[in-house]
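Results of the structural survey
So you can see what is in the structure, the chains are spelled out below.
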Amino acid sequence: MKKILLGITGSIAAYKSADIASKLVKLGYDVHVIMTESATEFVAPLTFETLTRNRVYVDMFREEDHRQVRHISQSTESDLILVAPASYNIIGKTATGVADDFLSSVLAAAPAGKVIFAPAMNVNMYHNPILQENINKLTKLGYRFIEPEEGMLACGVLGKGCLRNVPSIIETVEGFFHDKLLQGKKVLITAGATREYIDPIRFISNSSSGLMGVSLAKACRDFGADVTLILANSHLNIEGVNLIRVQTVAEMYQAAVDHFPTTDLMFAAAAVSDFKPVTYSESKIKKSDTGLVVELERNTDILLELGKMKQNQLLIGFAAESENLIPNAVGKLNKKNLDLIIANDLSNFATDDGKVWLVTSETAVELERKPKLQLAYDIVKMILNMTNNLSGAK
Ligand SMILES: Cc1cc2nc3c(=O)[nH]c(=O)nc-3n(C[C@H](O)[C@H](O)[C@H](O)COP(=O)(O)O)c2cc1C
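None of these values were measured; they are calculated from a predicted model.

From N to C terminus, the protein chain includes 14 helices and 19 strands. Seen through its C-alpha atoms, the protein chain measures out along the principal axes to roughly 80 × 55 × 35 Å. Within the protein chain, buried positions represent 41% of all 394 residues. Within the protein chain, counting contacts between residues at least 6 apart in sequence, those at least 24 apart form 66% of the total.

Now for the site of the ligand. For the ligand, the set of nearby residues contains 15 residues, the closest of which are T9, G10, S11, S87 and N89. For the shell around the ligand, the element with the most residues is helix α5 (residues 88-96), which contributes three residues.

Inspection of the secondary structure puts Q132 in helix α8 (residues 129-140). Look at Q132 and you get exposed, because 11 C-beta atoms sit within 10 Å. Note: C-alpha distance between Q132 and I91 (41 residues apart in sequence) is 9.9 Å.

Here A84 and P85 are connected by a cis peptide whose omega angle stands at 0°. Structurally, the position occupied by P85 is in strand β3 (residues 80-86). Positive phi is not limited to glycine here, since N233 has a value of about 50°. Relative to the elements of secondary structure, N233 occurs in the loop between β11 (226-232) and β12 (242-246). On the basis of neighbour counts, which here come to 20 C-beta atoms within 10 Å, the residue N233 falls in the buried class.

Among the residues making up α5, those that are buried are Y88, I90, I91, K93 and T94. Summarising the contacts, the buried residues of α5 are in contact with β3, α6 (102-108), β4 (115-119), α7 (123-127) and α8. Within two residues after α5, G97 carries a phi angle of roughly 80°, on the positive side.

Another point: the confidence of the model for the protein chain. On average, residues of the protein chain score 92 in pLDDT, and 96% of them reach the 70 mark or higher. Residue range residues 389-394 is modelled with pLDDT below 50. Its contacts to residues more than four positions away, or to other chains, number ten contacts.

It is worth spelling out the nonpolar core at this point. Counting residues in hydrophobic clusters, the biggest one holds 60 residues, and the most contacted among them are I189, L216, C220, M252, I316 and I341. Filtering out sequence-adjacent residues up to four positions away, I189 remains in contact with G213, L216, A217, V227, L229, F267 and A269. Residues A39, L80, L103 and I169 belong to the second largest nonpolar core, which totals 48 residues.

Next up on the list: helix α3 (residues 45-52). Structural remark: α-helix, 3.6 residues per turn; residues separated by three or four positions point the same way. Every buried residue belonging to α3 is among F48, L51 and T52, and all of these are buried. Axial view of α3: buried residues confined to an arc of 80°, hence all on one face. Here the buried face of α3 lies against α1 (16-26) and β2 (30-35). A positive phi of about 60° marks R53, the residue just after α3.

This paragraph deals with the sheet that holds β2. Working definition: the strands of a sheet are paired by backbone hydrogen bonds and lie parallel or antiparallel to each other. As summarised here, the arrangement of the five strands in space is β2-β1-β3-β4-β5, forming an open sheet in which the pairing is parallel. Unpaired on one side and paired on the other, β2 and β5 (144-145) mark the two borders of the sheet. As defined by bridge partners, strand β1 (residues 3-8) adjoins β3 across four bridges and the pair is classed as parallel. Across the sheet, the residue bridging to G7 is V83, located in β3.

Most of strand β17 (residues 340-345) sits out of view: five of its six residues are buried. Pairing geometry for strand β16 (residues 314-321) and β17, over six bridges, is parallel. In the sheet register, E321 faces β17, and the bridge partner there is D345. With respect to chirality, the unit in which β16 leads through helix α13 (residues 325-335) into the neighbouring parallel β17 is right-handed. Strand direction decides the pairing type here: β17 and strand β18 (residues 353-359), joined by three bridges, are antiparallel. Bridge pairing in β18 links A343 to W357.

The geometry of α1 relative to α3 is characterised by a closest axis approach of 9 Å and an angle of 10° between their N-to-C directions. In terms of orientation, α1 and α3 fall into the roughly parallel class. Classified by chirality, the crossing of α3 by α1 is right-handed. Residues A18, A21, S22 and V25 of α1 form the contact with α3, whose participating residues are T47, F48, L51 and T52. For the contact of α1 with α3, the class distribution of residues is five nonpolar, three polar and no charged.

An order of β12-β11-β8-β13-β16-β17-β18-β19 is seen for the eight strands of this open sheet, with the pairing classed as mixed. Edge positions in the open sheet fall to β12 and β19 (364-371), since each of these has one partner strand only. The sheet shows a mean angle of 20° between the axes of neighbouring strands, taken without regard to direction. As paired strands, strand β13 (residues 265-268) and β16 are joined by four bridges and run parallel to one another. Its bridge partner lying in β16, A268 is registered against G317. Relative to β19, helix α14 (residues 372-386) is tilted by about 160°, and along the sheet it contacts β16, β17, β18 and β19.

So, how was this worked out
Residues numbered from 1 in each chain as written. Predicted model: local features only at pLDDT ≥ 70, side-chain atom pairs only at ≥ 80, totals over all residues. Helix = DSSP H or I, 4+ residues; strand = E, 2+ residues; numbered from the N terminus. Buried ≥ 20, exposed ≤ 12 C-beta atoms within 10 Å, placed from the backbone. Contact = placed C-beta atoms within 7 Å. Near = placed C-beta within 6 Å. pLDDT = per-residue confidence, 0-100. Core = buried A, V, L, I, M, F, W, Y, C linked by C-beta atoms within 7 Å. Arc of directions from axis to C-beta. Pairing = 2+ DSSP bridges. Right-handed = clockwise from strand over helix to strand, strands pointing away. Axes fitted to C-alpha atoms, helices over the stretch in contact; angles between N-to-C directions. Parallel < 35°, antiparallel > 145°, perpendicular 65-115°, else oblique. Left-handed = near helix turned anticlockwise from the far one by under 90°. Nonpolar A, V, L, I, M, F, W, Y, C, P; charged D, E, K, R; others polar.

If you want it as structure tokens, here you go:
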């Protein structure tokens, strides 16, 4: 059972730590809580003792049994230290080497790679250059941060500083524990739906949400890869990857060509417009009584071009088909010089879950329907197993 130390500091968001603790316990983690004195002004230790069924620590000098040096043992025995909410103060203390209470002493004794801070504070505190410098310093040392959200802050101001929503915090914790199967590898992913503009506001696109590609980017990130995600027209967000937002096929193509030579593994998950309008109107096309014919021409086939450039990269495409899914996927695999193709039917578009087949020229492995993030973890693991047998693949 993985042991998580949950550090809670003096923020109005401390009540949300109860939800975090409760969810982590339900997921099977052994959760231990350390609260700062200030945190106990906001929520009672009793809440966390009840939720975690473990003793809550606040004052290191009021410890009855000093045979164990608790601030050291708490650091070494934990698999992860999550500080949520993390105050301006605790970030500053960690960055400058102050250890004047239980939590800051535990943090001082812990390796940076074990610690995640989820800051929560007033917008001016968050944007204070001193805090930003501290965050930069700690990030460079290997500490991780879960960026706060924009929202209505407890002080009544709208701005960035709200503790990140609990599901995202839990997702980050779960990601922390994944095996680092892709450590040292560079992964490039395209996702989302490209747009081809007819005039300044009208475009040809499709209903892809980008969720599958973003989920793959999260999975690869959690498996330790250095991930670049080229994301077209999606409202989705992701942290811990190099995110490049694009709109058109031309922009996606340029970004892909720039990054592909140094890539180890590429997933082309974007739903790319096969056609683009022959002409683009600089001004909005006026309504007319006679109708409008838009002439289309073939667009750049990004995957075909990358297939031609391919050297040692493992190149994986997606096939979305209405019929003859596997034969059509194999056709695309061969035509585009891919190592593997992920076949899915159109029912996967714009949904939260998906079912896919991993297709090579020799085999088609079915993966059962799951939420896309869970599916993405399965896809990456299965591909790493299968690619040992793929010719030309790393
Ligand atoms: C009502 C109230 C709300 C506060 N909310 C925050 C907050 O969200 N984030 C923060 O960094 N400090 C906040 N503070 C200030 C901290 O509690 C204060 O800096 C304290 O020294 C932090 O101590 P700690 O880091 O040991 O918990 C708040 C203070 C009060 C009185």
